[in-house]
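Structural overview for review
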Amino acid sequence: MARFVRTRRRFLELAGSGAVVGIAGCLGGGGGQQGTETETETTTEAADDDHDEERPEGVSAEEFEHGPVPEAYRTALSQANERRDPDDLFTKEAVKFQEADDAVEAGLTEAGRDCGNCAEYIPDKNGDGFGACAKVEGYVDPADWSSLWESIEAAEAEADDEGGEDGGETAFVA
């Protein structure tokens, strides 16, 4: 009978261990170092893939941020007919450049103010989904925002007044 108790005890220990290991495997816990590396690599690759999708094909991260932009944008006119001067541009960092949704979340602007409806924006000219800015270097997505955001109407009114009143909708936060 003592032998039966030991065998039964050993069976229960093994069955319990097997159940714990099985549950841990299902829950993704305790996968060891190899599992962790694979998960990390997959996450990193996914993040890189997402970042690549945010840039036009063949454009490096450096070019995307700082230019040069394609020739069609180099000295193009903005939506308010302001000519882009490639030698007199702000860095994205200097103008708090970011996605418009993030800027709204951070309390930097109001919903609906993005590069796509900014006076300084130069719309997509080559079909890659990105434009440029008359005041900021690099590529610009219409869903982005910077502290230079100005309504098209205010810029046109300012141009009509030739330096008169502002129109009240310019938002420059330095």
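It should be noted that the structure appears before, not after, this text.
Residues numbered from 1 in each chain as written. Predicted model: local features only at pLDDT ≥ 70, side-chain atom pairs only at ≥ 80, totals over all residues. Heavy atoms only, no water.

1. Describing the nonpolar core
Judged by nonpolar contacts, the single largest core of 13 residues is most densely connected at V95, F97, C115, Y121, V136, V140 and W145. When neighbours within four sequence positions are excluded, W145 is seen to be in contact with K96, F97, Q98, E99, A100, A103, L108, T109, R113 and C115. Judged by nonpolar contacts, the second largest core, of nine residues, contains V69, Y73, I122 and F130. (Core = buried A, V, L, I, M, F, W, Y, C linked by side-chain atoms within 4.5 Å. Buried < 20%, exposed > 50% of the residue type's maximum accessible area, 1.4 Å probe, protein only. Contact = heavy atoms within 4.5 Å.)

2. Topic: the side chain of S146
Relative to the elements of secondary structure, S146 occurs in the loop between β4 (144–145) and α6 (152–161). According to the relative accessible area criterion, S146 is buried, its value standing at 7%. With residues up to four places along the chain from it excluded, the contact list for S146 reads V95, K96, F97 and V136. (Helix = DSSP H or I, 4+ residues; strand = E, 2+ residues; numbered from the N terminus.)

3. Examining the layout of surface pockets
Empty space among the atoms can be located by rolling a probe the size of a water molecule over them. Considered as a void within the structure, the largest pocket measures approximately 240 Å³ in volume. Around the largest pocket, the lining is made up of 12 residues, and of these E54, F64, F97, E99 and D144 lie nearest the centre. Listing elements by their share of the lining of the largest pocket, those giving two or more residues are α3 (61–66) and β1 (98–99). Classifying every residue of the lining of the largest pocket gives four nonpolar, two polar and six charged. Reported here for the second largest pocket is a volume of approximately 180 Å³. Contributing to the lining of the second largest pocket are A80, E82, A119, E120, K135, L148, E150, A155, E158 and A159. (1 Å grid on protein atoms, 1.4 Å probe; cavity = no way out; pocket = protein on both sides within 12 Å on 5 of 7 lines; lining within 4 Å. Points joined across faces, edges and corners; volume = space filled by probe spheres on them. Nonpolar A, V, L, I, M, F, W, Y, C, P; charged D, E, K, R; others polar.)

4. Regarding the environment of E156
Summarising the element assignment, E156 is placed in helix α6. A sequence separation of 76 residues divides E156 from A80, and the C-alpha atoms of the two residues are 6.2 Å apart.

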